[in-house]
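What follows is each chain in one-letter form.
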Amino acid sequence: MSNTVSGLSFIHICVFIFLRLYFANGDVSYTIAEEMKSGSVVGNIASDLGLGISTLSSRKARIDTDRDDKRYFDINLSNGDLIVTQRIDRESLCDKKSTCVLKEELILENPLEIQRISIQVQDINDNAPEFSEGLISFEIRESAIKGAKFLLSEARDADIGTNAVQRYIVQHNEHFTININTEVPGRKQGELVLVKELDREQQSEIKLVLTALDGGTPQRSGTAVIVVTVLDANDNTPVFSKPVYKASLPENSPADSIIVKVSATDADEGPNGEITYNFDHMSNNYVSLFSIDQKTGEIKVKGAIDHETDSSIELRIRAKDGPGLTSYCTVMIDIIDVNDNQPTISLKSLSNPISESAPPGTEVGIINVQDRDSEKNGKVHCSIQKNLPFKLVPSIKNYYSLVTTGGLDRELVSDYNITITAIDEGSPSLSSFKTIQLSVADINDNPPVFEEQSYSAYINENNKPGSTLCSVSAQDPDWRQNGTVIYSLLPAEVNSVPVSSYLSVNGDTGVIHAVRSFDYEQLQSFKVHVMARDNGSPPLSSNVTVSVFISDVNDNSPQILYPAPEGSSFMTELVPKAAHKGTLVSKVIAVDADSGQNAWLSYHIVKATDPGLFVIDVHSGEIRTQRDLLESDSMKQNLIVAVKDNGQPSLSATCSMYLLISDNLAEVPELKDISYDEKNSKLTSYLITALVSVSTFFLTFIIIILGLRFCRRRKPRLLFDGAVAIPGAYLPPNYADVDGTGTLRSAYNYDTYLTTGSRTSDFKFISSYNDNTLPADQTLKKSPSDFTDIVGGCDYSPEVGTFTK
Ligand SMILES: *[C@@H]1O[C@H](CO)[C@@H](O)[C@H](O)[C@H]1NC(C)=O
Ligand SMILES: *[C@@H]1O[C@H](CO)[C@@H](O)[C@H](O)[C@H]1NC(C)=O
Ligand SMILES: *[C@@H]1O[C@H](CO)[C@@H](O)[C@H](O)[C@H]1NC(C)=O
């Protein structure tokens, strides 16, 4: 410190000398440095003013000033030196004035004399530069470009001139240098110059020590700390954590399910780093499906998501910070299939109806099955119900053919409901059904079938033409005209007459009508074939035999063959006088063209000359004596015999029987009277003619029959046994009886005995109802086998009335 003071003193001395010279002519001037020690000598005022030391005391010299407060100087009266009495601080006296002059006055009394003294106070570097704040804060946007200048607040230095702040130094750093701005004259202002861009994200605050230096000697400095806060600039775009987000989502996920959360970061801060998320150019299809939380980036389900529409969805997400820097990412959403679609069955073609003649393997229809789901969920199995003659044959892709597996029969099953079931492999699986109605078209494959194997019709003879015999009925299960039955008679002949003249059949109803009136005695039975034909094309038919049996009606009265009709015969039976009781006297022979009961004859004596003498066998017609004859008995006996059949009502015939009780015809003079009749001769000639013709006929007949039946060697049955021929003309015209259907008839078999009058000439006329006695003319025309056919295969041989002699 003493060195400093002595240094100062040296300067003072030099300055002093110079100033002294300078102010010699006017007021006395001195120049001193500030901050001189009290008692330091400024100059010798006595000598500078030319005053003697003693004068000073005597004249009461003193230093005076205008200022009241402080007295900086005084005069040493003993040597005349002007001395500093207290510290002089230039800065407080003159602040920044470049010259600082203190004006003092030296006052001398006796006489009062005022000498002005100017004392220039010179600056010394006694003040260091000083910043008004120790901390200088700057906020600099990181976007500031290189070369940007930031004015620093000035450091103050109370000193002036070179002792004032001369330069600034900033702590070494990469971003800033310092520059002295001299734009304002006389002021040296520091400014920070950006030499390298700031990056808030790297360093958000920079602290630098700023030093202000003055130019004094020794140099003084002041420091402050510069705090540079780097302000954010939106220089960072948001950055997504991944460029592509992958997510998978089952379809039909409920609304608000979170799919994925995207997230982006922005290094910027504040609004610059505030990110909002949005969809970028989303297709209209997706707008209703997804939502995004703008703040959190959560992507959620909004609508119904369907795998079948889109199996994967790509969304672009935009992240945007406050001022609008954006970046993008992609979200790939895999839509996972859920088995939510039923299979659909569609019928692509169907041959309906299908003909029942279609062979197995015929393709009936083509079916297509679709399932919009994928993989297993879309894999479909198709089937139809069992027990149907159809199957599904998988074809290309999703196609199936419906083919027949067996023959079809419309008459058994005319319609099929084929239910196709399609089921997918999903779990749980979904299925659907479709029912196809398939009709089977008819083919005329069934002939009409009669309800019965054969029909029999019974009709009484003498029927009215047009009366109904019976009806036949045939069924044909085919469809419509293929099953429409039409009846008709098969052409044939019965007794050389077309059947159509006997019968007619109603084509629609199958009712058979008689066309004519039948006569049992002409025709007992016949067969016709009725055909039932359907209306198909070609038509199918079948036929049935209808046997028509004509029943006898008691329309023929008994015919008495013997005795000859009344009045035409001279036949008189001789009764020996010696005849005893029970002697056969005669016999009434009668026949009935009817059959059965209608031909069952009974004989009764209705009137007799002597009612007690003769009796007639009710069945055989044999007339016998009832007692021994007496002499008294009348020679001529007359009987009236009635022959009745058993029909309902019964028919009858009567005849007269003349009996002559005599042993000798000659004894009977009135014989002629009894027997002769005018008509008899005529009848006799008829009888003879008939007898001859019948005999001739029979002979011819027998020859033919024998010839025909040569091989069969059957012994002809004798119908007549006796010498007396019965006139053939009296035989019933037809003794045909057909079969055993009339079972009663055999029970009524009976024999008719014919008696010619003599005991030895009995003959038997056999008429068995089991026999087939066919009309002779028919026999002649037909071969035996024909007969067999007509009769219906029964083993009847045609046997004909034959007689031998
Ligand atoms: C087929 O279905 C129809 C209507 O559903 C029904 O009327 C008909 O009886 C069915 N047919 C068969 C053969 O099941
Ligand atoms: C009858 O059958 C024939 C074939 O035999 C067939 O062509 C026709 O369509 C059938 N008619 C009806 C009505 O079914
Ligand atoms: C009648 O039917 C039989 C078999 O039922 C057959 O043999 C015959 O040929 C048919 N006759 C006619 C004319 O159709």
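Only a predicted model underlies this, so the values are computations on that prediction, with no experimental measurement involved.

**Q** A description of the overall build of the protein should follow, citing residues and the corresponding values.
**A** A tally of regular secondary structure across the protein gives 10 helices and 57 strands. For the protein, the proportion of its 805 residues judged to be buried stands at 42%. Considering only contacts within the protein whose residues lie at least 6 apart along the sequence, 68% involve residues at least 24 apart. If you sum the accessible surface of the protein, you get close to 42100 Å²; carbon and sulfur atoms cover 52% of it.

**Q** Describe the site of ligand 1, with residues and values.
**A** All residues in the neighbourhood of ligand 1 are listed as Asp415, Asn417 and Gln437. The side chain of asparagine 417 places a nitrogen or oxygen atom 2.3 Å from an oxygen atom of ligand 1. Burial of ligand 1 by the protein chains amounts to 29% of its free accessible area of 360 Å².

**Q** Any details on the pattern of salt bridges? Residues and values, ideally.
**A** With the rule as written, the count across this model stands at 18 salt bridges. The residue aspartate 74 makes a salt bridge to arginine 71 at a minimum N-O spacing of 3.8 Å. Owing to a relative accessible area of 28%, aspartate 74 belongs among the partly exposed residues under this scheme. For arginine 71, a relative accessible area of 39% corresponds to the partly exposed category. Where glutamate 201 meets arginine 200, a salt bridge forms, and the shortest distance between an N and an O atom there is 3.2 Å. With relative accessibility at 27%, the residue glutamate 201 sits in the partly exposed group. Residue classification places arginine 200 among the buried residues on the basis of a relative accessible area of 11%.

**Q** Explain the packing of aromatic side chains residue by residue, including any values.
**A** Under the counting rule described, the total for this entry stands at 13 aromatic pairs. A ring pair is formed by phenylalanine 131 and tyrosine 168, whose centres lie 6.0 Å apart and whose planes are at 40°; its orientation type is tilted. Here phenylalanine 131 is found in strand E8 (residues 130-131), whereas its partner tyrosine 168 is found in strand E12 (residues 165-170), with 37 residues between them in sequence. Neither phenylalanine 131 nor tyrosine 168 differs from the other in exposure class; each is buried. Residues phenylalanine 390 and tyrosine 416 carry aromatic rings whose centres are separated by 5.1 Å and whose planes lie at 80° to one another, so their mutual orientation is edge-to-face. Here phenylalanine 390, found in strand E30 (residues 390-394), pairs with tyrosine 416, found in strand E32 (residues 415-424); they are 26 residues apart in sequence, far enough to count as distant.

**Q** Can you tell me about the pairing of strand E42 (residues 511-514), naming the residues and giving the values?
**A** Only one face of E42 is buried, namely the one carrying Ile512 and Ala514, since none of Val511 and His513 on the opposite face is buried. Of the strand pairs in this sheet, strand E41 (residues 503-505) and E42 are connected by 3 bridges, and their pairing is antiparallel. Opposite serine 504, over in E42, you have histidine 513 as the bridge partner. What sits between E41 and E42 in their antiparallel hairpin is a turn of 5 residues, with glycine 510 showing a positive phi close to 80°.

**Q** Explain the sheet that holds strand E50 (residues 614-616) to me, and be specific about the residues and the numbers.
**A** Read across the open sheet, the 3 strands follow the order E47-E51-E50; overall the sheet is antiparallel. Strands at the two margins of the open sheet, each flanked by one partner only, are strand E47 (584-587) and E50. With strand direction ignored, the average angle separating the axes of adjacent strands in the sheet is 25°. As paired strands, E50 and strand E51 (residues 622-625) are joined by 3 bridges and run antiparallel to one another.

**Q** Describe in detail the side chain of glutamine 637, supporting the description with residues and values.
**A** With respect to the element layout, glutamine 637 can be found in strand E52 (residues 636-644). Taking relative accessible area as the criterion, glutamine 637 reaches 2% and is therefore assigned buried. At a separation of 3.3 Å, a polar atom in the side chain of glutamine 637 contacts the main-chain amide nitrogen of aspartate 610. In this structure the side chain of glutamine 637 is engaged in a polar contact, spanning 3.2 Å, whose partner is the backbone oxygen of serine 634. With residues up to four places along the chain from it excluded, the contact list for glutamine 637 reads Thr609, Asp610, Leu613, Phe614, Met657, Tyr658, Leu659 and Ile661.

**Q** Which residues make up the confidence of the model for the protein, and what values do they have?
**A** For the protein, per-residue confidence averages 80 on the pLDDT scale, and residues scoring 70 or more make up 81% of the total. Per-element confidence in the protein is highest for strand E38 (residues 485-489), whose mean pLDDT is 95, and lowest for helix H8 (residues 744-747), whose mean pLDDT is 30. In this model residues 1-25 is a low-confidence stretch, pLDDT under 50, and it forms 21 contacts with partners more than four residues away in sequence or in other chains. Predicted confidence is poor over residues 671-679, with pLDDT under 50, and the contacts of this stretch with residues over four places away or in other chains come to 18 contacts.

**Q** Residue-level account of the sheet that holds strand E44 (residues 541-551), with values.
**A** The mixed open sheet is built from 4 strands, whose spatial order is E35-E44-E43-E38. Strands at the two margins of the open sheet, each flanked by one partner only, are strand E35 (454-460) and E38. On average, each strand axis in the sheet is tilted by 30° relative to the strand beside it, whichever way the strands run. Relative to strand E43 (residues 525-534), E38 runs antiparallel, the two sharing 5 bridges.

**Q** An account of the state of the cysteines is needed here, citing residue identities and associated values.
**A** Scanning the entire structure with this criterion turns up 1 disulfide. Put simply, cysteine 94 and cysteine 100 are joined by a disulfide, and their sulfur atoms are 1.6 Å apart. Judged by the sign of its S-S torsion, about 65°, the cystine formed by cysteine 94 and cysteine 100 is right-handed. The class for cysteine 94 is buried, based on a relative accessible area of 10%.

Conventions used here
Residues numbered from 1 in each chain as written. Chains lettered and ligands numbered in written order. Predicted model: local features only at pLDDT ≥ 70, side-chain atom pairs only at ≥ 80, totals over all residues. Heavy atoms only, no water. Helix = DSSP H or I, 4+ residues; strand = E, 2+ residues; numbered from the N terminus. Buried < 20%, exposed > 50% of the residue type's maximum accessible area, 1.4 Å probe, protein only. Contact = heavy atoms within 4.5 Å. Areas by Shrake-Rupley, 256 points an atom, 1.4 Å probe, with all protein chains shown as cover. Near = heavy atom within 4 Å. Polar contact = N/O pair within 3.5 Å; in protein donor to acceptor, adjacent residues only side chain to side chain. Salt bridge = Lys/Arg side-chain N within 4 Å of Asp/Glu carboxyl O. Phe/Tyr/Trp six-rings, centres within 6.5 Å; stacked < 30°, edge-to-face > 60°. Pairing = 2+ DSSP bridges. Axes fitted to C-alpha atoms, helices over the stretch in contact; angles between N-to-C directions. pLDDT = per-residue confidence, 0-100. Disulfide = S-S within 2.5 Å.

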